[in-house]
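# A closer look at the structure
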Amino acid sequence: MIYLDNNATTSAYPEVVEAMLPFFTEKFGNPSSLYELAQQQKDAIESSRQKVAEILGVQPKEIVFTSGGTEAVNTAIIGSALAQQEKGKYIITSKIEHKAVLETCKFLQKYLGYEITYLSVDSSGVIDLDELKNSIRSDTVLVSIMYANNETGVIQPIQEIGKIVKQANVPFHSDVVQAIGKIPVNLSELGVDYASISGHKFHGPRGIGILYRRKGAPFTPLIRGGAHENKMRAGTENTPGIVGIATALEIASREINNKMPEIEKLRDRLQQRILDEIPEVIVNGGTAPRVPNTLNIAIKYVEGEAMLFLLDNEGILASSGSACTSGSLEPSYVLLAMGLDHATAHGSLRFSLGKDNTQQQIDKVVDVLAPIVQKLRNMSPFCPDELKK
Ligand code: PLP
């Protein structure tokens, strides 16, 4: 198997699993109880919080463990918006956010009467800072812009966005799920008030995430009940998950300097060989800064799904520029927002590399992909004759 879908999910580091195991078995107490067994869990949670805060450049009390990236995003957006209803009901986000952000905004719009502006992006996938400036109003309660896009890997100028938003005295949330473990992330330096993180994207466990909430940023909890997580997220703590995500963050942050440059070299090799050996290919987001592991390409006159199926037959796992929505294949809204036409968006593939990929694997992918593309083009009524062989 050649796994090139690390933006979808990753395998857990063995050290992560090892660190988690005792908290399922011998150290299983409920952290809210008063005996020693509980104290062991409480200590593990607090030292994990400390570790996470240190790595992210923030205070431990600003770290809230959640059930994943989606919950962190929901909590940041809804928790911030509801705490500021007197100020207004207007939120600014972008057209290329993950569904966790888009659907949360839609929920606020549909059920609570919020107005949402979705900023556009240019052909490289980057938002326009002037459009952002012009969209801010006195009733803006939140700006939510992602750091790295999950489909293209394109990085937004978060620090500059943060300055603009701060000047307007508006809270700022960033979905940093796809940046963690790929590029250095210091949340204080980024200038965000809230950030969302997901464990399973950097070799941590699933079902655990982190919400960063800057001390003093407007907030009301979304998940209500007991006084867990400094009263910011109720529910008996997922101690194995918390220990797992902290361990993964520690290793992944170290690997940004050690492993990521190697992964980037492989990504660049994959990109170059595809461009050299397959005609009529566009690198989506190729002119913008990107995270080192992601390559999104549009291959003209072929269907992404057909390519994925044939790649899968050869043991190569990647992802396409389409999403299956209610039984029909919709082209990626991220690629459409970048100005791709429907057919080209449909012919897009995402390769997201990871720590276990080798040069041999990358070369095999191109050796397999080039004839697949040729075969599909030969069968396509839309492919110009000069590209057929
Ligand atoms: N945000 C982005 C950019 C993502 O890529 C994902 C995962 O697909 C999420 C949020 C949601 O994270 P989780 O799977 O932990 O709910």
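Calculation rules
Residues numbered from 1 in each chain as written. Predicted model: local features only at pLDDT ≥ 70, side-chain atom pairs only at ≥ 80, totals over all residues. Heavy atoms only, no water. Helix = DSSP H or I, 4+ residues; strand = E, 2+ residues; numbered from the N terminus. Buried < 20%, exposed > 50% of the residue type's maximum accessible area, 1.4 Å probe, protein only. Axes fitted to C-alpha atoms, helices over the stretch in contact; angles between N-to-C directions. Left-handed = near helix turned anticlockwise from the far one by under 90°. Contact = heavy atoms within 4.5 Å. Nonpolar A, V, L, I, M, F, W, Y, C, P; charged D, E, K, R; others polar. Domains from an automatic or database assignment. Buried area = accessible area lost by both parts, 1.4 Å probe. Salt bridge = Lys/Arg side-chain N within 4 Å of Asp/Glu carboxyl O. Polar contact = N/O pair within 3.5 Å; in protein donor to acceptor, adjacent residues only side chain to side chain. Pairing = 2+ DSSP bridges. Near = heavy atom within 4 Å. Areas by Shrake-Rupley, 256 points an atom, 1.4 Å probe, with all protein chains shown as cover. Expected span 1.5 Å × (residues − 1). Phe/Tyr/Trp six-rings, centres within 6.5 Å; stacked < 30°, edge-to-face > 60°. Lys NZ or Arg CZ within 6 Å of the ring centre and 35° of its normal.

Notably, Asn169 is not glycine yet its phi reads approximately 60 degrees, a positive angle. For Asn169, the position within the fold is in the loop between α6 (158-167) and β6 (172-175). Taking relative accessible area as the criterion, Asn169 reaches 63% and is therefore assigned exposed. Within the chain, Asn230 stands out as a residue other than glycine whose phi angle is a positive 50 degrees.

Direction vectors running N to C along helix α3 (residues 69-82) and helix α4 (residues 99-112) enclose 35 degrees, while the axes themselves pass 9 Å from each other. Handedness of the α3/α4 crossing: right-handed. Every residue of α4 that contacts α3 at Thr70, Val73, Asn74, Ile77, Ile78, Ala81 and Leu82 is listed here: Ala100, Val101, Thr104, Phe107, Leu108 and Leu112. Of the residues contributing to the contact of α3 with α4, the split by class is ten nonpolar, three polar and no charged.

What follows is about the domain arrangement of the protein chain. By domain assignment, the protein chain separates into domain 1 (14-251) and domain 2 (257-384). Taking only C-alpha atoms, the centre of domain 1 and the centre of domain 2 are 29 Å apart. Listed per partner, the contact involves 25 residues of domain 1 and 20 residues of domain 2. When domain 1 packs against domain 2, close to 1800 Å² is buried across both sides, 63% of that on carbon and sulfur atoms. Area buried by domain 1 at its contact with domain 2 is led by Glu151, Thr152 and Lys182, which between them contribute 36% of it. Across the contact surface, domain 1 and domain 2 share zero salt bridges. Applying the counting rule to domain 1 against domain 2 returns seven residue pairs in polar contact (both at pLDDT 80 or more).

Bringing the sheet that holds strand β8 (residues 209-213) into the picture now. The strand order across the open sheet built from seven strands is β2-β8-β7-β6-β5-β3-β4, with neighbouring strands paired in mixed fashion. Whereas interior strands pair on both sides, the edge strands pair on one side only; in this sheet they are β2 (63-66) and β4 (115-119). Across the sheet, the mean angle separating the axes of adjacent strands is 20 degrees when strand polarity is ignored. Where strand β3 (residues 90-94) meets strand β5 (residues 140-144), three bridges bridge the pair, whose relative direction is parallel. Across the sheet, residue Tyr90 finds its bridge partner in β5, namely Thr140. Across the sheet, helix α2 (residues 36-56) is in contact with β2, β7 (194-198) and β8; its angle to β2 comes to roughly 115 degrees. Across the sheet, α4 touches β3, β4, β5 and β6, and the angle it forms with β4 is around 150 degrees.

Attention now moves to the site of the ligand. In the region of the ligand, the neighbouring residues are Gly68, Gly69, Thr70, His98, Met146, Asn150, Asp175, Val177, Gln178, Ser198, His200 and Lys201. Take His98: an N or O atom from its side chain is 3.2 Å from an oxygen atom of the ligand. The contact in question runs from a nitrogen atom of the ligand to an N or O atom on the side chain of Asp175, over 2.6 Å. Across the complex, the protein chains shield 85% of the 390 Å² of accessible surface that the ligand would expose by itself. Considered class by class, the residues forming the shell around the ligand number two nonpolar, eight polar and two charged.

In this section: helix α10 (residues 260-277). In this model α10 runs 25 Å from its N-terminal to its C-terminal C-alpha over 18 residues, within 8% of the 26 Å that 1.5 Å per residue would give. Of all the residues in α10, the buried ones are Met260, Ile263, Leu266, Arg267, Leu270, Gln271, Arg273 and Ile274. Where the residues of α10 are buried, they touch α9 (239-258), β9 (281-283), β10 (294-299), β15 (348-352) and α14 (359-379).

Attention shifts here to the pattern of salt bridges. Applying the stated criterion across every chain yields a total of 18 salt bridges. Arg233 is paired through a salt bridge with Glu71; the nearest N and O atoms lie 2.7 Å apart. Linking Arg233 in the loop between α8 (228-231) and α9 with Glu71 in helix α3, this pair joins segments that are 162 residues apart in sequence. Just as Arg233 is buried, Glu71 falls in that class too. Its salt-bridge partner being Asp367, residue Arg273 comes within 2.8 Å of it at the nearest N-O pair. With Arg273 in helix α10 and Asp367 in helix α14, the pair connects residues that are 94 residues apart, well separated along the chain. By relative accessible area, Arg273 is classed as buried at 17%. Residue class for Asp367 comes out partly exposed when judged on its relative accessible area of 46%. Overlapping salt bridges bring together Arg269, Arg273, Glu277, Asp363 and Asp367 as one network.

Read across the open sheet, the four strands follow the order β9-β10-β15-β12; overall the sheet is antiparallel. Two strands lie at the open edges of the sheet, namely β9 and β12 (319-320), each paired on one side alone. Helix α11 (residues 304-313) contacts β10, β12 and β15 of the sheet and is inclined by roughly 45 degrees relative to β15.

With that out of the way, let us pick up the packing of aromatic side chains. A full pass over the atoms with the stated rule returns one aromatic pair. Ring centres 5.5 Å apart and planes at 40 degrees place the aromatic pair Phe107 and Tyr111 in the tilted group. Residue Phe107 and its partner Tyr111 are located together in helix α4, separated by four residues, close to a single helical turn. In this structure Phe107 comes out as partly exposed when scored by relative accessible area, which is 36%. In this structure, Arg137 is placed above the aromatic ring of Tyr90, and the distance from its NZ or CZ to the ring centre is 3.6 Å.

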